[in-house]
Amino acid sequence: MPERSDQPQKVAIVHYWLVSMRGGEKVLEEICKLFPDADIFTHVVDRQRISDTILSHKITETFIGRLPFAKRLYQKYLPFMPRALESIDLSGYDLVISAEAGPAKGVICDPDALHVCYCHSPMRYLWDQYHIYKNQSGILTRTFLSLLAPRLRLWDAVAANRVDLFIANSAFVARRIKKTWRRDATVIHPPVDFQAFARNDDLESDDFYLCAGELVSYKRPDLIVDAFNKSGRRLVVIGEGGAEKMLRAKAASNVTFLGRVDSQTLKDHYARCKALVFAGVEDFGIVPLEVMSSGRPVIAYAKGGATETVIDGKTGVLFDKQTVDAVNDAISRAETIDFDPKIIAEHAKRFDGPIFQSALRNFIERAWSAHRAKISR
């Protein structure tokens, strides 16, 4: 066998879709910085909504991107994504990094290539949250999901065997990977742009709590609004999504909706809120760390990624039940704690981008060395 370089010569990054700049895309940015010459493959890309760092790479769409209204309806094309992934020609790439939350890991690599999957989550709508998504969908989607989900699960399980090594974004997700695919995963927490949200000592907290992020059912913004409807405390809601119309209709006058805001407005509200209220079960949760980078505490449901970032009584308060009373009791408890903004921010700094880059670089270097030794035998 011919000698190979000490470093991978040709790198491919496979990302599920590129239509916004959320947590998964922030991870992708850091991977792009580690591999500035890597090529990106994705199902669909909206170039107006992704960063210059990502756009600096060569980006190739699968045929999903050419289907009608793909930038808006991409998730409706899920049944076609296995075939789309297997149509990507990765000949000659010796390192493939897939980013999984939607379908991405199912690519077919060269026999001697190393395939590392950074998993944000096994596909929720096929596995642990299948019944939630199904029950909240329209009759047509429910029918198709019932018919197609068994076949898609089978493909997804087979696709997991194409991955050499898994990285999970949290211990919570590592457990789900083990349960879903019977594979072990190394935990490397996602990065937070600490400097972008670093606390401003000149700003004092205002008399409002914050709910920020995508307004979708599994994040439980309904529970937060119900809690503030009952307590009468002031709540500001930032974000948009499928649940927004319902939330606005039920909210009392003490709840204000700002919709989607620019980054400066978001940072300002992070820095001035009394606390972020976070009621869903997240795989990890970048927003709480952004708020903590601003020196503000987080009141979160004690399940999922929040348990790995929020220290009860020190950087926030955790509550054990997803009920209105539990949320309000946690807020009342938080109001009795004298939180130290400096301690909160220092805790968030442990998740800064350079720390993520260092951990990922070390992981891939070790994996690459072991892989080269294995295929050289």
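Under an unreviewed UniProt entry, the protein chain has the name Glycosyltransferase involved in cell wall bisynthesis and belongs to Cognatiyoonia koreensis.

Below, the discussion takes up the UniProt feature "domain: Glycosyl transferase family" (unreviewed entry) in the protein chain. Those residues carrying the UniProt feature "domain: Glycosyl transferase family" (unreviewed entry) are residues 204–348 in this numbering. Counting secondary structure, residues 204–348 comes out at 38% helix and 17% strand; the distance between its end C-alpha atoms is 19 Å.

A word on the packing of aromatic side chains. Counted by the stated rule, this structure contains ten aromatic pairs. Each ring, one from Tyr 118 and one from Phe 356, has its centre 5.9 Å from the other, and the planes form 75°; the classification is edge-to-face. Placement of Tyr 118 in strand 5 (residues 114–119) and of Phe 356 in helix 14 (residues 353–375) is noted, with a sequence separation of 238 residues between them. Owing to a relative accessible area of 2%, Phe 356 belongs among the buried residues under this scheme.

It is worth spelling out the nonpolar core at this point. Counting residues in hydrophobic clusters, the biggest one holds 54 residues, and the most contacted among them are Leu 210, Phe 228 and Leu 235. Aside from chain neighbours lying at most four places away, what touches Leu 235 is Tyr 209, Leu 210, Cys 211, Ile 224, Val 225, Phe 228, Asn 254, Val 255 and Thr 256. Core analysis: the next-biggest nonpolar cluster, separate from the first, contains 29 residues, Val 44, Tyr 74, Tyr 93 and Ala 159 among them.

We now examine the sheet that holds strand 7 (residues 185–187). The strand order across the open sheet formed by seven strands is 3-2-1-4-5-6-7, and the pairing between neighbours is parallel. A single partner strand is all that each edge strand has here, and the edge strands are strand 3 (59–61) and strand 7. The average angle at which neighbouring strand axes cross in this sheet is 25°, direction not considered. As defined by bridge partners, strand 6 (residues 165–168) adjoins strand 7 across three bridges and the pair is classed as parallel. For Ile 167, the partnering residue across the bridge sits in strand 7 and is Thr 186. Against the sheet, helix 1 (residues 23–34) touches strand 1 (11–15), strand 2 (39–42), strand 4 (95–100) and strand 5, its axis set at about 175° to strand 1. With respect to the sheet, helix 7 (residues 171–181) is in contact with strand 4, strand 5, strand 6 and strand 7, its orientation differing from that of strand 6 by roughly 140°.

Parameters and conventions
Residues numbered from 1 in each chain as written. Predicted model: local features only at pLDDT ≥ 70, side-chain atom pairs only at ≥ 80, totals over all residues. Heavy atoms only, no water. UniProt positions renumbered as here; feature names shortened; annotations may be inferred. Helix = DSSP H or I, 4+ residues; strand = E, 2+ residues; numbered from the N terminus. Phe/Tyr/Trp six-rings, centres within 6.5 Å; stacked < 30°, edge-to-face > 60°. Buried < 20%, exposed > 50% of the residue type's maximum accessible area, 1.4 Å probe, protein only. Core = buried A, V, L, I, M, F, W, Y, C linked by side-chain atoms within 4.5 Å. Contact = heavy atoms within 4.5 Å. Pairing = 2+ DSSP bridges. Axes fitted to C-alpha atoms, helices over the stretch in contact; angles between N-to-C directions.

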